[in-house]
Amino acid sequence: MTSKQLTALVIIFLYMVLTVVVGLVSSKRKQAKKAQQSNDDFLMAGKSLGPLVLAGTLFAANTGGASTTGIATNVYSYGLSAAWYVIAAGIGFVLVSFIAPYFRKAQASTVPQIISKRYGKASHIFTAFTSIAALFMATGAQIIATASIINVVTGLSFKTAAVIITVVVIAYTMVGGFASVAAANLMHVLFITVGMTIAMFVMVGNEAVGGFAALFSKAAAVTDANGVNMDLLSMTKVGVPTIIGYIAMYFMTFPTGQEIVQTYCSAKDGKSAKVGSVIAGLLSAVYAIVPAIIGLVAYVCIDGYAVSAQKNALADATMTFAPAIVAGIVLAAVVAATMSSASGNMIGTATMFTNDVFRPYINGGKQDDKKEIWISRVVMVVVGAVGLTVALTASNIISVMMGAFALRSAGPFAAFICGLFYKNVTQRAGFISIVAGTVVAAIWIYVLGTPWGLSAMVPGGIVALVTIFAISAIDRKLALPPLPSWNWNN
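These numbers come from a predicted model, not from an experiment.

## Focus: the overall build of the protein chain
For step 1, the next point in the chain: When helices and strands are counted, the protein chain shows 21 helices and zero strands.
For step 2, the next point in the chain: Looking at the protein chain residue by residue over its 490 residues, the buried ones come to 60%.
For step 3, the next point in the chain: On the protein chain, roughly 17,900 Å² of surface is accessible, and the fraction owed to carbon and sulfur atoms is 68%.

Next up, the structure:
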C-alpha cells in the first residue's frame, strides 16, 4: 500500500468513526429526554425534524452509490448527460414538495400503512413485500459503491471490502436508529457537497488535466475502439426518453419509497416537509454535475481508461489526480453518501417489517416497543446480509437502483395518489392497479430489457393509472361503493 493510499484510508476510517460517534451522541440525547424510547422514536426520530435537517436527510438518503460512483461510471456511455440521473432527482423533490405536507398529516409511518388504510389487507401485504424487496436491492447498490472505493484505496478484494462495509453500516444503524442517521446526515451533506466540489476543482487543476478548458478540449476528441467520437461533453446523449423516464421515476418513487416517505413523516410539521423537499431538490440539481466531471477526468486523462465502463472511475480519478488528503476527503464523502443511503434503506425496511408485518400479522395487532426495537435490529442485520448478496452478484449500480425503484413504485403510485385525492376510487380497483403496474414494470425490465432506455416506471405507472380509473368506473356501474374521503385528522 502506498503512502497516498494509507493516508486516504486513514481519513476514510476516521470519518466512519466520527459518523458513529455523532450518531451515538444524538441518539443518547434523544433517549435522555424520555424515560423509555418507543419504537416510533427509534425509527422516526420522534417526528421532530425541521426543514434543514429534513432536507439534509432527504438529500443524503437519495445521494448514494448510484448518484456518485454510478454517474462517474456512466460518463463512458452517456458523457456529461449521465448527470441527469441526479438532476431529475432534484426536479422530483421539487414536484413532490407540493404533496409532502400530506405525508406528515397522514398519521402513518410507512407507505404500506397508507395503502392499507385505503385498500385493505391484500394491497397492504403486496405493497409491503415489494417495497421490502426493493430496499434489499437498493442496499446492495450502496455496498457495491463503497466496496469499490475500499478496493481501490486498500487493494483489498471487492468481496472482503463488501463484507467489512456491510458490518460497519449494520452496527452504525442498529445502535442509534433514525435519530442517529438524521444527525449524521448533516455532516454527510457537508462532505458530499463541499468536499466533493472542492476535490473536483483540485483534480481539474492538476497539471496532468490542465484545467477545464484543456479537459473539455481533450474530451471532445476522445474516440472509442472503432474510432467513433464518444461525445463525452453531451448533455443529451442519454436520450430524451431516458431523461423523461428519470423524472417520472423520481416523481413516482419519492411518494412511494419508504426511506423518503419516512423522512417526510418524521417532519415536525407540514411546512417543514415542504420546505425541506424544495431545498433538497435544489441541492441535488446543482450537485449533479460534480461526479460527472470527476468521471470525465478519469475517462479522458487516465491512459487506456476509455475502453469500457469502469465501476471505479470516481475512485481512480481521485487517487490519480488529487493530493492524498483531498483524495481521502472526497472518498470519505462517497462513503458518507453510501453509508447514509444504506442506513436509510435498513431503517425503512425495519419500519415496514415491524409496522406492516410483525405488529398486525404476527403480534396480533399489539404494540410492544421493546420487542419491536429488537425485531427492527434483527431485520437490519437481514437487510445487510441480503444486500451483501446482491452486491456480490451485480455490478451496475444504476441498473440495480432503477430496477428497485420500478418494482416498488410503478404499481402503488397511482393507487397511493388516487387514494388520497380521488373521491371515486374503489378498493378493488386499487389492488388490481397495484398488481398490474408492478407486473408490467417487471416484464419491461426482465423480459423486454428496458426498451429505448425508458424507465419501467413509465409503462408500469401508465398501466396502473389506466387500470385504477377503468376498474373504479366498472365498480361504480356495478353499484360498488367508492372509498370514503381521506380523514386527515385520524
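## Considering the environment of asparagine 424
For step 1, the next point in the chain: Position of asparagine 424 relative to the elements: it lies in the loop between helix H19 (412-421) and helix H20 (427-446).
For step 2, the next point in the chain: Each C-alpha atom of the pair asparagine 424 and arginine 476 lies 8.2 Å from the other, and the pair is 52 residues apart in sequence.
For step 3, the next point in the chain: The residues contacting asparagine 424, other than those within four sequence positions of it, are Ser472, Arg476 and Pro482.

## A word on the pattern of salt bridges
For step 1, the next point in the chain: The full count for this structure, using the stated rule, is two salt bridges.
For step 2, the next point in the chain: For arginine 359, the salt bridge goes to glutamate 372, with nearest N and O atoms at 2.8 Å. Taken together, the positions of arginine 359 in helix H16 (residues 324-362) and glutamate 372 in helix H17 (residues 369-393) put the pair 13 residues apart, joining distant regions of the chain.
For step 3, the next point in the chain: For arginine 359, a relative accessible area of 14% translates into the label buried.
For step 4, the next point in the chain: Close ionic contact of arginine 428 with aspartate 475 constitutes a salt bridge, the shortest N to O distance being 2.5 Å. Taken together, the residues arginine 428 in helix H20 and aspartate 475 in helix H21 (residues 457-477) connect sequence positions 47 residues apart.
For step 5, the next point in the chain: Take arginine 428: its relative accessible area is 40%, and that puts it in the partly exposed class.

## With respect to the nonpolar core
For step 1, the next point in the chain: Ranked by internal contacts, the top residues of the largest apolar core, which has 158 residues, are Tyr85 and Tyr264.
For step 2, the next point in the chain: The element that contributes the greatest number of residues to this core is H16, accounting for 16 residues.
For step 3, the next point in the chain: Excluding its chain neighbours within four sequence positions, the residues that come into contact with tyrosine 85 are Ala66, Ser67, Ile71, Tyr246, Met249, Tyr250, Ile398, Met401, Met402 and Phe405.

## Details of unusual backbone geometry
For step 1, the next point in the chain: In this model, aspartate 231 sits at a positive phi of 55°, which is unusual for a non-glycine residue.
For step 2, the next point in the chain: Judged by its relative accessible area of 40%, aspartate 231 falls in the partly exposed class.
For step 3, the next point in the chain: Look at alanine 479: it is not a glycine, yet its phi comes out positive at around 70°.
For step 4, the next point in the chain: Relative to the elements of secondary structure, alanine 479 occurs in the segment after H21.

## Some words on the packing of helix H18 (residues 397-409) against H20
For step 1, the next point in the chain: At a closest axis distance of 8 Å, the pairing of H18 and H20 adopts a crossing angle of 160°. When the axis of H18 is compared with that of H20, the two are roughly antiparallel. In this structure, the crossing between H18 and H20 has a hand that is right-handed. For the pair H18 and H20, contact is made by Gly403, Ala406 and Leu407 and by Thr438, Ala441, Ala442, Ile445 and Tyr446, respectively.
For step 2, the next point in the chain: Of the residues that constitute the contact of H18 with H20, the class distribution is six nonpolar, two polar and no charged.

## Remarks on the packing of aromatic side chains
For step 1, the next point in the chain: Scanning the model with the defined rule gives twelve aromatic pairs in all.
For step 2, the next point in the chain: Relative to tyrosine 246, the ring of tyrosine 85 has its centre 5.4 Å away and its plane inclined at 85°; by these criteria the two rings are edge-to-face. Linking tyrosine 85 in helix H5 (residues 84-96) with tyrosine 246 in helix H11 (residues 240-253), this pair joins segments that are 161 residues apart in sequence.
For step 3, the next point in the chain: The interplanar angle of 50° and the centroid separation of 5.9 Å between the aromatic rings of tryptophan 444 and tryptophan 452 together place this pair among those described as tilted.
For step 4, the next point in the chain: By way of ring pairs, the aromatic residues Tyr85, Phe93, Tyr246, Tyr250 and Phe254 are connected into one cluster.

## Quick notes on the packing of H5 against helix H13 (residues 270-287)
For step 1, the next point in the chain: At a closest axis distance of 7 Å, the pairing of H5 and H13 adopts a crossing angle of 165°. The angle between H5 and H13 places the two elements in the roughly antiparallel class. You can see that H5 and H13 cross each other, and the crossing is left-handed. Every residue of H13 that contacts H5 at Val86, Ile87, Gly90, Phe93, Val94 and Val96 is listed here: Ser277, Val278, Ala280, Gly281, Ser284, Ala285 and Tyr287.
For step 2, the next point in the chain: Of the residues contributing to the contact of H5 with H13, the split by class is nine nonpolar, four polar and no charged.

## A closer look at H19
For step 1, the next point in the chain: Of all ten residues in H19, eight are buried; the element is thus mostly enclosed.
For step 2, the next point in the chain: For H19, the full list of buried residues reads Pro412, Phe413, Ala414, Ala415, Phe416, Cys418, Gly419 and Leu420.

Criteria and thresholds
- Residues numbered from 1 in each chain as written.
- Predicted model: local features only at pLDDT ≥ 70, side-chain atom pairs only at ≥ 80, totals over all residues.
- Heavy atoms only, no water.
- Helix = DSSP H or I, 4+ residues; strand = E, 2+ residues; numbered from the N terminus.
- Buried < 20%, exposed > 50% of the residue type's maximum accessible area, 1.4 Å probe, protein only.
- Areas by Shrake-Rupley, 256 points an atom, 1.4 Å probe, with all protein chains shown as cover.
- Contact = heavy atoms within 4.5 Å.
- Salt bridge = Lys/Arg side-chain N within 4 Å of Asp/Glu carboxyl O.
- Core = buried A, V, L, I, M, F, W, Y, C linked by side-chain atoms within 4.5 Å.
- Axes fitted to C-alpha atoms, helices over the stretch in contact; angles between N-to-C directions.
- Parallel < 35°, antiparallel > 145°, perpendicular 65-115°, else oblique.
- Left-handed = near helix turned anticlockwise from the far one by under 90°.
- Nonpolar A, V, L, I, M, F, W, Y, C, P; charged D, E, K, R; others polar.
- Phe/Tyr/Trp six-rings, centres within 6.5 Å; stacked < 30°, edge-to-face > 60°.

No statement about biological role is implied by the geometric values presented.
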